[in-house]
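Chain residues, written in single-letter form:
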Amino acid sequence: MARGLVAMSGGVDSSVAAALLRRQGHEVVGVTLKLWGGPSDRGCCSVADVDDARAVARRLGVDHHVFTYTDDFDRLVVEPYVADHAAGRTPNPCVECNRHLKFDRLLARAEALGFDRVATGHHARLVGPPGRRRVARGADRAKDQSYVLHPLSAAARERTLLPVGELTKSEVRALAGELGLRTADKAESQDTCFVLASGGRRAFLGDRIPLHPGRVVDRDGRVLGRVEDVELVTVGQRRGLGLPGGADPRYAVAVDPAAGTVTVGSAADLLVDRVEVPDLVWATVPVAGPVTVQCSAHGTPRPAVVDGTTVRFTSPERRVAPGQSVVVYEADEVAAGGTAA
Amino acid sequence: MTPRYLDHAATSPLRPEVLGAMVPVLRDLHGNPSGGHGPARAARAALEEARDRLAAVAGCAAGEVVFTSGGTEADDLALRGTVAARPGTPVCSATEHHAVLDVVGRLGGPVVEVDRRGLLDLDHLARTLSQAAPVAVVSVHLVNNETGVVQDLDAVAEVVARHAPGAVLHTDAAQALSWLDVAAATARADLVTLASHKCGGPKGVGALVVRDGRAIEPRLLGGGQERGRRAGTPDVAGAVGFAAAAELARVERSDLVARAGAWRARLVAALVAEVPDLVVTAAPTGSGLDHAAPGWVHVCVPGVRSEPLLFLLDDEHGVAASAASSCASGAQERSHVLAAMGVDPQAAAGSLRLTLGWSTTGADVEAVASAVPAAVARLRAAARHGVAV
């Protein structure tokens, strides 16, 4: 029996994670992380969410605390997010939050406070023998969150529990309902927590960096149109580029805020045979043979082979937006992860 | 594990005598004091007796006591009630409780700086009053809830009289009843906020002393209670409990001050001995804590963050303490008081407030004197790459 600290966001998944651990006989304490200091009461981890987490904890007979990490969150998640957008990259802040806060800062604090394990409500699993555990896809493929858990260090993988990874989302909600948890029917948050709380990406970024209109150009440099905010365009994007629709769709192939341009091309122009991942890290041992690679939070896994820090796609695939996480899977297990250059 | 309660500045346990005074009122005096029949008159009598007793402690006339639902409501009534009654800007110190600071901020009024020891900068007060003219009300608290620093209201009143002669002087004395002769300390204030639950009285009741002749627009309208200054059926039991607690606080004050003074010295000495790089917040250069009420030990611990420190103190040692203020979510907020005092934000991140009160024992103090260094040592050992957990 372990003493586990459960990160409770006030949502149904982390509520059920706490319930499952309690049921398994662990000594459980719940904590809500205060990450974002915005005054608006929307998005993840608002005061109402903390109240929900606390109510669930009370129902489960579990102590509940709040830990403030607003400064760290600002410095390690929000600022890099803003800087990436200013540079025309497409960051994934949830990955950075997991990397720096949930599975680093929180883990260190949990250990210092006498907890054996940290648990979250992520839909994923941890598999493998002690010392060589890896993140694996959750039982509910449609809800799988293994992608955003790729940055977990080896130490984090040993000390983390993911109780809801074996359940489908409907099983999670059913269990929450059975336990009479007020979060059983709570809607999922649909966007990055701090962006949602600030009224959307354009409002959030617009308050922090200058957003510039840009020229939409083809690969020969011919100007085809204009966009409002270059910094909000993502590689691979088709809509919102100020171009007429029709039989010959154009996609953003490159985004250059410094030059003020979005380069577009055909679907074929978007295809590449590789993605460079200079910060690629293997979870345990490198895999030389065929793997699959997922390049966005809900992207289809693509067959590939990893050669050093180059991921070579087996057949041409759509270009990966710079800044997105590239996660290498061996069957269902996260074998490696990094960031697209 | 014996629980050790070191958070009297947040609230204090109800005194047994106070409970004893309140139960018969709750049980038997059920009438509405506004009525005319027997039960109403009996309740009214209890309310008015409580008013008399509180007035004696506060050094004012009974008719100058307005019962409210607590210190926050009294602050609101003082500030908004004054501004509504007379033209002008509100002004307050930078280290007020949010119940004052946020109202002044909402009304667009300026704040006056404090020095590194937490004392109001009287020169800045003078300049601010001149610049903000016409000033409706100046609000300077008596005892700071985070640091225990005591302001010299007589000196403040002098400056106000000279630079904003028409302005009303309000003081939030919510923390003061256990520690000071409130009647003497607030003699020159026009409006005084008093709170019940900081000195062993019940929560949910407070008072605003409104000196005769000071115009206040009521915030709550309805039945015209409290001579038209604060409508709503009064909490008679609460008022009785409040008066009992205030009287006990006055009677026992010099003993408590002496006991707490010794305990504070003991705690500070023990903490400084075990954690030599710790900073006593209101006395950063070892200049002494004469200007702070003896119930407060506020320190900043380098290399440690408040939340895990408080967690360990509570979880491992049964010690209830706090840092700055708690916000609505239960998290600890960054302290505007420490910021105003010029405490470095890194240092302020490791703040710890231990506050003593009527129920504190010597055993509590000894337990805390060893618990804090133990918790600090454990957290420092857990820091990785120089980052506090």
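Described in the following lines is the structure provided in the data block. (Residues numbered from 1 in each chain as written. Chains lettered and ligands numbered in written order. Predicted model: local features only at pLDDT ≥ 70, side-chain atom pairs only at ≥ 80, totals over all residues. Heavy atoms only, no water.)

## Notes on the overall build of chain A
Secondary structure summary: chain A contains eight helices and 18 strands in total. In terms of C-alpha radius of gyration, chain A reaches 21 Å, essentially the compact-globule figure of 20 Å for 341 residues. A principal-axis box enclosing the C-alpha atoms of chain A has dimensions of 65 × 50 × 35 Å. Looking at chain A residue by residue over its 341 residues, the buried ones come to 54%. When the accessible area of chain A is evaluated, it comes to approximately 14700 Å², of which 50% is carbon and sulfur surface. (Helix = DSSP H or I, 4+ residues; strand = E, 2+ residues; numbered from the N terminus. Rg over C-alpha atoms; globule rule 2.2 N^0.38 Å. Buried < 20%, exposed > 50% of the residue type's maximum accessible area, 1.4 Å probe, protein only. Areas by Shrake-Rupley, 256 points an atom, 1.4 Å probe, with all protein chains shown as cover.)

## Some words on the sheet that holds strand β4 (residues 117-119) of chain A
In sheet architecture, strand pairing relies on hydrogen bonds along the backbone and comes in two forms, parallel and antiparallel. All names here are of chain A. Spatially, β3-β2-β1-β4-β7 is the arrangement adopted by the five strands of the open sheet, whose pairing is parallel. Each of the sheet's edge strands pairs with one partner strand only, and the pair in question is β3 (63-68) and β7 (160-161). As paired strands, strand β2 (residues 27-34) and β3 are joined by six bridges and run parallel to one another. Paired with Val-31 across the strands is His-65, a residue of β3. (Pairing = 2+ DSSP bridges.)

## Side note on the sheet that holds strand β10 (residues 296-300) of chain B
All names here are of chain B. Taken together, the three strands give an open sheet; going across it, the order is β9-β10-β12, and neighbouring strands pair in antiparallel fashion. Edge positions in the open sheet fall to β9 (279-280) and β12 (351-355), since each of these has one partner strand only. Direction of pairing for β10 relative to β12: antiparallel, over a ladder of five bridges. Looking at β12, one finds that His-298 is bridged to Arg-353.

## Considering the interface of chain B and chain A
Each side of the interface is counted separately: chain B has 19 residues, and chain A has 20 residues. Overall, the association of chain B and chain A removes approximately 1700 Å² of surface from exposure, summing both partners, and the carbon and sulfur fraction of that is 52%. The tally of links between chain B and chain A comes to five salt bridges. When the shortest N-O distance is used, the salt bridge between Asp72(A) and Arg305(B) registers 2.8 Å. Remark: the boundary between chain B and chain A carries seven residue pairs in polar contact (both at pLDDT 80 or more). Elements represented by at least two residues in the side of chain B that touches chain A include exactly α9 (306-317) and α12 (362-382) of chain B. Of the residues forming the side of chain B that touches chain A, the biggest block, five residues, is contributed by α9(B). (Contact = heavy atoms within 4.5 Å. Buried area = accessible area lost by both parts, 1.4 Å probe. Salt bridge = Lys/Arg side-chain N within 4 Å of Asp/Glu carboxyl O. Polar contact = N/O pair within 3.5 Å; in protein donor to acceptor, adjacent residues only side chain to side chain.)

## Looking at the pattern of salt bridges
Under the defined criterion, the tally for this structure stands at 47 salt bridges over all chains. Here Glu111(A) and Arg159(A) are joined by a salt bridge, their closest N and O atoms 3.7 Å apart. With a gap of 48 residues between them, Glu111(A) in helix α4 (residues 93-112) and Arg159(A) in helix α5 (residues 154-159) connect regions that are remote in the sequence. Judged by its relative accessible area of 24%, Arg159(A) falls in the partly exposed class. The closest approach of N and O atoms between Asp7(B) and Arg353(B), which form a salt bridge, is 3.1 Å. Here Asp7(B), found in the loop between β1 (4-5) and α1 (16-28), pairs with Arg353(B), found in strand β12; they are 346 residues apart in sequence, far enough to count as distant. The network of salt bridges with common partners includes Asp72(A), Arg75(A), Asp104(A), Arg105(A), Arg305(B) and Arg384(B).

## Describing the pairing of strand β6 (residues 134-137) of chain A
All names here are of chain A. As paired elements, strand β5 (residues 124-127) and β6 share four bridges and run antiparallel to each other. Each residue of the ladder has a partner; that of Leu-126, found in β6, is Val-135. Here β5 folds back onto β6, and the loop between the two strands holds six residues, one of which, Gly-128, carries a positive phi near 110°.

## Looking at the pairing of strand β2 (residues 65-68) of chain B
All names here are of chain B. By the alternation rule, side chains of β2 split into Val-65 and Phe-67 and Val-66 and Thr-68, which are all buried. Inspection of the sheet shows β2 paired to strand β8 (residues 206-210) by four bridges, in the antiparallel sense. Residue pairing across strands places Val-66 opposite Leu-208, the latter belonging to β8.

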